[in-house]
Amino acid sequence: MKRIAEINIKPCFFFVVALLLVVAANAQISTEKLSWHFSRYSEKSLQEKLYMHVDRGFYLAGDIIWFKIYVTDASLHQPLAISKVAYVEVLNETNQSILQAKISLQQGSGNGSLQLPVTINSGNYTIRGYTNWMKNAGADYFFEKKITIVNTQKSRELFSAATASNTAPDIRFFPEGGNLVTGISSRIACKVQGADGKGMEYTGLIVDEKNDSISGIQSYRFGMGSFDFTPVTGHRYKAIIKTGSATYTRDLPEIFARGYVMRLQANGNATINITAQTNLSDTGTVLLLLHTRQSLKKVWQGKLQQGKAIFAVDPALLGEGISHFTLFNSAGQPLCERLYFTYPKQKLSIDLKGIQPAYNTRSAVDMQVETAMQNRKENNTDLSIAVYRLDEWQQPDESNIQTFLWLQSDLRGTIESPAFYFNGSREETLPAMDNLMLTHGWRRFKWDDILQERDPVSAFPPELNGHIITGKAVSPITGKPLENIETYISVPGLNTNFKTYISDTAGKLKFDFKYMKGSSEIIVQTNPTVDSLSRIELNNPFAEQFSGNTTPPFYLSSARQNTLLDQSINVQVQNQYAGTQLKRFLPTADTASVFEKPDAVYMMDDYTRFSTIEEVLREYVNLMDVQKIKGKFQLQLWNNFFAPRQDMANLQFFQSPPLILVDGVPVFDIDRLMSYDPLKMRKLEVYNRRYFLGNSFFSGILNWTSYKGDLANFELDPRALVIDYEGLQLQREFYSPVYDTANPENNSHTPDFRTLLYWSHEIPADKNNERHVRFYTSDKKGRYLTVIQGLSPQGYGGTAVQYFEVK
């Protein structure tokens, strides 16, 4: 049976006065033209969604946050392999970034970890994730999750429970369609939110200026409710809201004398009726556009008769999830908008088998994981798993990948208990979902951009190959951008990691690094022999915009002090006895050189070692000319493009000097190179051909490598910009000890106070296409929760939870 829930749309009503309609009366738009505008924009605005499975929601200073990243197409929810880098941050209540990481993505999937500093302050924090491409749409589209961090070793002024209860709640009204219009019945949603960010139950009345009662109101779920209301000319209205023992008075939103109202009525699988109503003397036509996550479904045209037009919509036209109905006048101006939710017909089923109700300490836990779509086994599901101990602070997460993809990623603001809308009965969830859409609705685009044929803004390119470092060349005197400045960036190391870029008309620079992992020192410079004036500035790769979501105030309850002390001891014991294991990172392959195979390689230890670079070049390097003119050294390489290496008769030299690199860093002062100690060099690679790199080209290359790839004290140009830079994060290895359950006397007596028993960013299938998980309990008794989340190739998310005891 098809399950569809009625959803009232976001408060996005565009009021149009009569004069504007008269002026625009001759500018007609057809259903075909409106469809073309929308489809054109959608084709040019591919968007991503990013979800993070974060291991837990409560941490102590010194803890490690583990996470898995899923990147999907924003419309289809299928894994999307466009971006190769994700950005993860932990923000405090003032949006200051406390921790940052760049995470490698492969086929729309990535994973990482963040170790909390022992000096961090207690408080509520936000962990967020996004790609460079997602920055074009703004921070409201980023993944965000609230987490709590407590530092038992630091004191701070905490927000008390008494203060929280005495703070006036946030009371807001959301008219259906956007605005209240005189003489037209509208539906109004009311949301009351406490200082802790959670909804507050309420009752109340709508009264006029004489305090005559017009309508009663009350909340339904999570501090949200709705009521019908028809404003009358010449009256003013206010709401009297009662929450517990406190009473508050608030004015209703502004009432407009003229305008449009939109109404949606649906019952189960029956036809959805959309009613457009106006008190303007307009007998023209209106258009109704329907789309689901920017996938156009249909455009209708209706004629206003006595100020009303009714559209009958077949529910089968709607896609799964949130659909948008937008009303336009005949000139193509948006008037009202409304949301409607269609429950997914299927979901990813995750079944856990083999978990026992209870285990002893240091016992093996074995489970088998099965995934299916519509009762058919699905072997290609991407999965992640967390197993952790529950207590007063550590509670089950109320959101998951399913609630995020269908709700949280497409609605503005924080949704309280999102799992309720999927796990409760439809009788309970339909009215709650209706109120949710009234108070949280929004869209991922602007109608002005579509109707005026403005292409989506793409200031931040997708990172198709790896991390992109951006910056600009500017004048140090005026600060204005400089064009055509050839700039070089290097990551010193044993393998050459070197890029060039010529600044554009806006002075912008862009360096695409496919291989760059871990902490590195990067060196940025220009050639001082041709440019002595420019200054290079690098941009912050992390987003500098923030969503409108607020972080609830933080306070500690004295009733939970014992639990907090217990957790603090757990973290300290684990860091003391398992500190080495917690700092293990998986090995990573050496970065490949950006250059192709050289024409000649000279390993310095294979030759008699000379005391000067000049002697090395003169005695050992073939097809090279070393000269000294007017006291300055000059180098020229033979160009093998004009003659093969054996054809000495047709030998021709380049007329310009070669590119000289030391551990990937360009050297422009040849005299400085000549004065360097050759005994510190391990290898020289020579390229006897013109070499193109980006928009730059070089008359051959001399690529020197030291023994450690650390420049070996080579003196850099004083104008070079040297920065400590974090590349893609190295993958930390999760510590999971193994015990001999048959002979427990053989086990170590080292305390095992783990409360996060197991974490893995993947559950791979074996040769029989079966997925098995095995881990061991610790010395900590209590109730534990197993959470597995996953995404199918078809774009359906799933979550499985199961509890067990350790006795």
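Before reading further, recall that the structure is shown in the block above.
Keep in mind that what you see is a predicted model, and the values were worked out from it rather than measured. (Residues numbered from 1 in each chain as written. Predicted model: local features only at pLDDT ≥ 70, side-chain atom pairs only at ≥ 80, totals over all residues. Heavy atoms only, no water.)

Novice: Describe the overall build of the chain, listing the residues and the values that go with them.
Specialist: Counting its secondary structure elements, the chain contains 11 helices and 48 strands. Overall, the C-alpha framework of the chain stretches about 105 × 85 × 55 Å when taken along its three principal axes. The buried share among the 807 residues of the chain stands at 52%. In the chain, the proportion of contacts linking residues at least 24 apart, taken out of those at least 6 apart, comes to 71%. Surface exposure of the chain reaches about 36,700 Å², of which carbon and sulfur atoms provide 47%. Each charge class in the chain was averaged separately, 83 positive and 83 negative side chains, and the resulting centres sit 3 Å apart. (Helix = DSSP H or I, 4+ residues; strand = E, 2+ residues; numbered from the N terminus. Buried < 20%, exposed > 50% of the residue type's maximum accessible area, 1.4 Å probe, protein only. Contact = heavy atoms within 4.5 Å. Areas by Shrake-Rupley, 256 points an atom, 1.4 Å probe, with all protein chains shown as cover. Lys, Arg positive; Asp, Glu negative; His and termini not counted. Charge placed at Lys NZ, Arg CZ, Asp CG, Glu CD.)

Novice: Describe the environment of Asp55, naming the residues involved and giving the relevant values.
Specialist: Mapped onto the elements, Asp55 comes out in the loop between strand E2 (48–54) and strand E3 (58–60). Linking Asp55 and Asp391, residues 336 residues apart in sequence, is a C-alpha distance of 15 Å. Among all residues touching Asp55, those that are not within four sequence positions of it are Ile64, Ile65, Trp66, Ala386, Tyr388, Leu756 and Trp759. One polar contact links Asp55 to Arg56, side chain to side chain, over a distance of 3.1 Å. (Polar contact = N/O pair within 3.5 Å; in protein donor to acceptor, adjacent residues only side chain to side chain.)

Novice: Could you give me a rundown of the pattern of salt bridges, with the residues and numbers involved?
Specialist: Scanning all chains against the criterion turns up 24 salt bridges. For Asp397, the salt bridge goes to Lys145, with nearest N and O atoms at 2.3 Å. In this pair, Asp397 sits in the loop between strand E30 (382–389) and helix H4 (401–406) while Lys145 sits in strand E9 (residues 143–150), placing the two residues 252 residues apart along the sequence. Here Lys145 falls in the buried class, since its relative accessible area comes to 11%. For the salt bridge of Arg187 with Asp434, the shortest nitrogen-to-oxygen distance reads 2.5 Å. Taken as a pair, Arg187 in strand E12 (residues 186–193) and Asp434 in helix H6 (residues 426–440) lie far apart in primary sequence, 247 residues in all. With relative accessibility at 18%, the residue Arg187 sits in the buried group. Judged by relative accessible area, which is 3%, Asp434 ranks as buried. (Salt bridge = Lys/Arg side-chain N within 4 Å of Asp/Glu carboxyl O.)

Novice: Provide a residue-level description of the packing of aromatic side chains, including the pertinent values.
Specialist: Here the distance between the centres and the angle between the planes together describe a pair of aromatic rings. Under the definition given, this model contains 34 aromatic pairs. Ring centres of Phe498 and Phe595 lie 6.5 Å apart, and the angle between their planes is 45 degrees; this geometry places the pair in the tilted category. A residue pair is termed long-range when its members are at least 10 positions apart, and Phe498 in strand E33 (residues 498–502) and Phe595 in the loop between helix H9 (579–582) and strand E37 (600–603) qualify at 97 residues. Each member of the pair, Phe498 as well as Phe595, is classed as buried. Relative to Phe775, the ring of Tyr758 lies with its centre 5.3 Å away and its plane at 15 degrees, an arrangement referred to as stacked. Placement of Tyr758 in strand E45 (residues 756–760) and of Phe775 in strand E46 (residues 771–776) is noted, with a sequence separation of 17 residues between them. When sorted by exposure, Tyr758 lands in the same class as Phe775, which is buried. Within the aromatic cluster, the residues linked to one another by ring pairs are Tyr488, Phe498, Phe595, Phe668, Tyr687 and Tyr691. (Phe/Tyr/Trp six-rings, centres within 6.5 Å; stacked < 30°, edge-to-face > 60°.)

Novice: Tell me what's going on with the sheet that holds strand E34 (residues 508–513), and back it up with residues and numbers.
Specialist: Pairing is antiparallel across the open sheet formed by three strands, whose spatial order is E34-E31-E36. At either margin of the open sheet sits one strand with a lone partner, and together these are E34 and strand E36 (535–538). When strand polarity is set aside, the average angle formed by the axes of neighbouring strands in this sheet is 30 degrees. (Pairing = 2+ DSSP bridges. Axes fitted to C-alpha atoms, helices over the stretch in contact; angles between N-to-C directions.)

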